[in-house]
Structures are given as structure tokens and as C-alpha cells.
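# Understanding the architecture of this molecule
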Amino acid sequence: MSQNHLTDEQKLAWLTLMRAKGIGPVLFRRLLNRYGGAAAALEGVADLIKKHQNRKSIQIPDAAVIVAELERGSALSCTLVSPTETGFPPLLRKVADAPPMLWTRGARDVTTKPTIAIVGSRQASAHSRQMARTLAKDLGGAGYAIISGFAAGIDRAAHEGSLQTGTIAAIAGGLGRITPESNADLIAPLCETGLFVSERPPDAPPRATDFPARNRIIAASAQITIVIEAARKSGSLITARRAKDYQRPVGAVPGTPMDPRSAGPNGLIKRGMPLIETAEDVISAIKNQDESQTEPMLFSESDADAPVIYEVEPSVTEEILSLLGANAVTSDALVRESGLSQHVINAALIDLELTGGIIVHSDGSFEKAVPNNI
């Protein structure tokens, strides 16, 4: 993707749209595609809220709140990047629920390297921590960046092993409140050679719901996710599941069956995931990776690329609803089956989402809402 740097005014509009209550990443992208820019989308959303009596409870934040966030990020030496700018992991751009923007702190060019995720238990054994360091160091020496979640245990060990070659720490909270305190000594050196990323405002504390969202960033940014020690119900396995959702490979380092922390990776191996013992195993597992995933495109902010704004006729929404059922379908499938243009389909889907007529999944697919969901 070519570089397309946003102006200050455009970043303000993008961040406002991103922080609007009721507008997630999938709807953000469709709004941008429909209106050709975030500022125009904000105006369009205001009109749609009036048209549909705001049934989705969308709330646009005050400009002062967004300006304060930008000023705070700047004071912390953080940079806000869009998917077209350096610092936004290239593979993350390809998933439907990618964050519209990321706050970054550190060496943004580390994202130009191919990236591998290493995740695992916070209460990891000494042996597994050393395994994580060794894998990260060897993969870093082979030209890969390592991404993890900056937690204690395996995450910390992975960052330590790749500190000299390039590491990315995805944070659940804001970059002005990096936790845990036990990793405070890693913050300054990581900023020198690596990068912190977060979709949350700089001063936002981490909430329970932010950790699965952080995990999706890790999984979507990596060519492969490696699990080292994880209980059967753990955030690391959530990351592995998200990686599989994104059709990315998952590998696992085996452990002793006597240790409950080995249940996660051993279970992955039983289900056919690659067994990982060395960096060579990791590299071999990604050699045949399918690189044909399509990239959800965002229109640029230039007038030349702005699409025509379509008003949606009732007959169009009725036709689209008739094509939807309990099974999720993509907008491309709707274009194929209806014969309508992508712009018309996109506009109709926005209206249907605002009225509660459809359910939107994290992969960007849709299904018809049953009456009690409307």
C-alpha cells in the first residue's frame, strides 16, 4: 500500500469517527468508503442518525475531547497512524476488524519487517521463558520482528529476546499507562529499538474488554502465532483462535502433560498445529502461507477518489434483506447476487445496520437480524 499521510485536520476527523460510540472498525471503513473521507462521513452520520432516529445509539464525541487526546498523545511523544502510514503493521491492514488508527510510540520502521507473534502464560516456567527468549532472538536474527502483549512471563521473555532486532508490544490500555509495573524497566529500551501500539486513548486504563481486542491486533499483525505455555482457557488461546479466524497459521511449543500450563499448546498440537522447537520450525511453518488474502481498502482523502453518495431506495434495502438469512455472507456476495454496485450495497448495509436490520460480524460479513434483535 502506498503511503498516504493524513493532514492534521484529517486525523482529527478520523479520530472523531473512530471514537464515536456505536461505530466499530467495520462500520468505520464502510462509512469512509461511502463518503470518501472521515469529515464527510461525520456529516453523513449526523444525517443518518436523524433519518433513523439514532436506533443504533451512535454518539459523536465533542471536538474538545478529541483535541485533548491528540495533545496528550503528542506530549507523550506518541504518533497516531492510519493504515496507510509507517507504524501500522501491514498484515493488520488486511483484516476486516482492524483498528482505523493506532497510537504508536517508538521506532515505527520495525513494522516494515515480517512479523511473528509469541504468546503464552503470565506465570510461565523458567524453562519456557528461556525458550521464548531463544526463539525470539533466533527469529530476530533471521530478519523477523516479534510481536507480543507486554504481559509478564512469556510476553516479557519474547520482548527481551527480540529487543535488539525489533519487537512490537501491543498494549490493552493507553500508551501513557503502560502496564504491568514489573515491566517498567523494559519501556525505555523497547522504545529505542521497538514499538508500542494501542488503539485506546493515551491515558485510558486497560479494561477487561480491551485484552481480547489487543489479542486480535497481535494475531492479525503476525504471519504466524506461536503459543508457549497456556492453560486451556487463556488469553493466549484466544489469540490463537483469532489467528485461525484470520487464516493465519498457529504453532505450539510442547510441554509436559503434568503441567496444566502445557494443556493449551499440547491441545493445539493434537489438533494438527505445527510442533515448534526451533526458529527453523517456525520459518518452515510459514513458507507455504497463503498470501492471497484480500486487503479491505479505505478510500483516500482526495476529492478524486471520493465516491458518489447514493441515496438508498426502500426497494434496494428490501432486495438485500431478501438475500440475507441466518448464514453470514460478504458484501462481495451481495454484489454478485443482486447485480448492484459495491457503492449501493455499501450504502444500504450502513442503513440496515443503523436500523438494526442486520448483524455484522468481526470478519465483515453480515446476516439478517431476527426480530428480537431489531
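An account of the accompanying structure is given in this report. All of these numbers come straight from a predicted model, not from anything done at the bench.

### Observations regarding the overall build of the chain
Broken down by element type, the chain carries 14 helices and ten strands. Relative to the globule expectation of 21 Å for 374 residues, the C-alpha radius of gyration of the chain, 21 Å, shows essentially globular dimensions. Reported as C-alpha extents along the three principal axes, the dimensions of the chain are approximately 65 × 45 × 35 Å. Across the 374 residues in the chain, those meeting the buried criterion constitute 53%. Looking at the chain alone, contacts between residues at least 24 apart form 73% of all its contacts between residues at least 6 apart. Summed over all atoms, the accessible surface of the chain reaches about 16600 Å², with 52% contributed by carbon and sulfur. When the 38 positive and 41 negative side-chain charges of the chain are each reduced to one mean point, those points stand 7 Å apart.

### Digging into unusual backbone geometry
Looking along the chain, the bond that leaves Thr179 and enters Pro180 is cis, with omega of 5°. With respect to the helices and strands, Pro180 occurs in the loop between β5 (167–170) and α7 (184–193). For Ser77, which is not glycine, the phi torsion reads 60° and is therefore positive. Within the secondary structure layout, Ser77 lies in the loop between α4 (63–75) and β1 (79–81). Even without a glycine there, the phi angle at Gln247 is positive, about 60°. As for its placement among the helices and strands, Gln247 is situated in the loop between α9 (235–245) and β8 (250–253). Exposure remark for Gln247: the relative accessible area of 59% places this residue in the exposed category.

### Structural notes on the environment of Val335
Within the secondary structure, Val335 is located in helix α13 (residues 331–338). Taking C-alpha positions, Val335 is 9.5 Å from Ile320, a pair spaced 15 residues apart along the chain.

### Some remarks on α7
Inspection of α7 places Leu186, Ile187, Leu190 and Cys191 among the buried residues, and these make up the whole buried set. Summarising the axial view, the buried residues of α7 lie within an arc of 130°, below the 170-degree limit, and thus occupy one face. Exposed and oriented more than 90 degrees from the buried face of α7 are Ala188 and Glu192. Elements in contact with the buried residues of α7: β2 (102–106), α6 (154–161), β5 and β6 (195–198).

### A look at the sheet that holds strand β4 (residues 145–148)
Taken together, eight strands build an open sheet; the order of strands is β1-β2-β6-β5-β4-β3-β7-β8 and the sheet is mixed. Each end of this open sheet is capped by a strand with a single partner; those strands are β1 and β8. Averaged over all pairs of adjacent strands, the angle between strand axes in this sheet comes to 25°, irrespective of strand direction. Bridge count between β1 and β2: three bridges; the pairing is antiparallel. Residue pairing in the sheet places Thr79 in a bridge with Thr104 of β2. With respect to the sheet, α6 is in contact with β3 (115–120), β4, β5 and β7 (225–228), its orientation differing from that of β3 by roughly 145°. Contacting β7 and β8, helix α10 (residues 263–270) crosses the sheet at an angle of about 125° to β8.

### Considerations on α9
Those residues of α9 that sit buried are Ser236, Leu237, Thr239, Ala240, Arg242 and Ala243. Residues of α9 that are buried in the fold lie against β3, α8 (210–221), β7, β8 and α10. Following α9 by one or two positions, Gln247 has its phi on the positive side, about 60°.

### A few points about the packing of helix α2 (residues 25–35) against helix α3 (residues 38–51)
Geometrically, a packed helix pair is captured by the angle between its two axes and the distance between the axes. The geometry of α2 relative to α3 is characterised by a closest axis approach of 8 Å and an angle of 100° between their N-to-C directions. One element, α2, and the other, α3, form an angle in the roughly perpendicular class. Here Leu31, Leu32, Arg34 and Tyr35 of α2 lie close against α3, whose contacting residues are Ala38, Ala40, Ala41, Gly44, Val45 and Leu48. Looking at the contact of α2 with α3, its residues break down into eight nonpolar, one polar and one charged.

The rules we used
- Numbering of residues begins from 1 in every chain and follows the order in which that chain's sequence is written.
- Whole-chain, interface and lining totals are the exception, using all residues; otherwise, since this is a predicted model, local features are given only for residues with pLDDT of at least 70 and side-chain atom pairs are given and counted only at 80 or more.
- Each side-chain value is derived from all of the structure's non-hydrogen atoms; neither hydrogens nor water enter the calculation.
- Helix and strand definitions here come from DSSP, where helices need a minimum of 4 consecutive H or I residues and strands a minimum of 2 consecutive E residues; each element is numbered from the N-terminal end.
- Between the two quantities, the radius of gyration covers C-alpha atoms and the globule rule is 2.2 Å times the number of residues to the power 0.38.
- Using a 1.4 Å probe on the protein chains alone, a residue whose accessible area is under 20% of its type maximum counts as buried, one over 50% counts as exposed, and one in between counts as partly exposed.
- Contacts were defined at the residue level, with two residues in contact if any of their heavy atoms lie within 4.5 Å.
- Residue exposure ignores everything except the shown protein chains as possible cover, and the areas themselves are Shrake-Rupley values with a 1.4 Å probe.
- When charges are tallied, Lys and Arg are placed among the positive residues and Asp and Glu among the negative ones, while His and the ends of the chain are skipped.
- Where a charge lies is defined by one atom per residue type, namely NZ (Lys), CZ (Arg), CG (Asp) and CD (Glu).
- What the arc covers is the set of directions going from the helix axis to the C-beta atoms.
- Pairing between strands is defined by DSSP: at least two bridges between the two strands are required.
- An axis is simply a line fitted to the C-alpha atoms; with a helix, the fit covers only the stretch in contact. Between two such axes, the angle follows the N-to-C directions and lies from 0 to 180 degrees.
- Just so you know how the angles are binned, under 35 degrees is roughly parallel, over 145 roughly antiparallel, 65 to 115 roughly perpendicular, and the rest oblique.
- Residue classes follow a fixed rule: Ala, Val, Leu, Ile, Met, Phe, Trp, Tyr, Cys and Pro count as nonpolar, while Asp, Glu, Lys and Arg count as charged, and any other residue, Gly among them, counts as polar.

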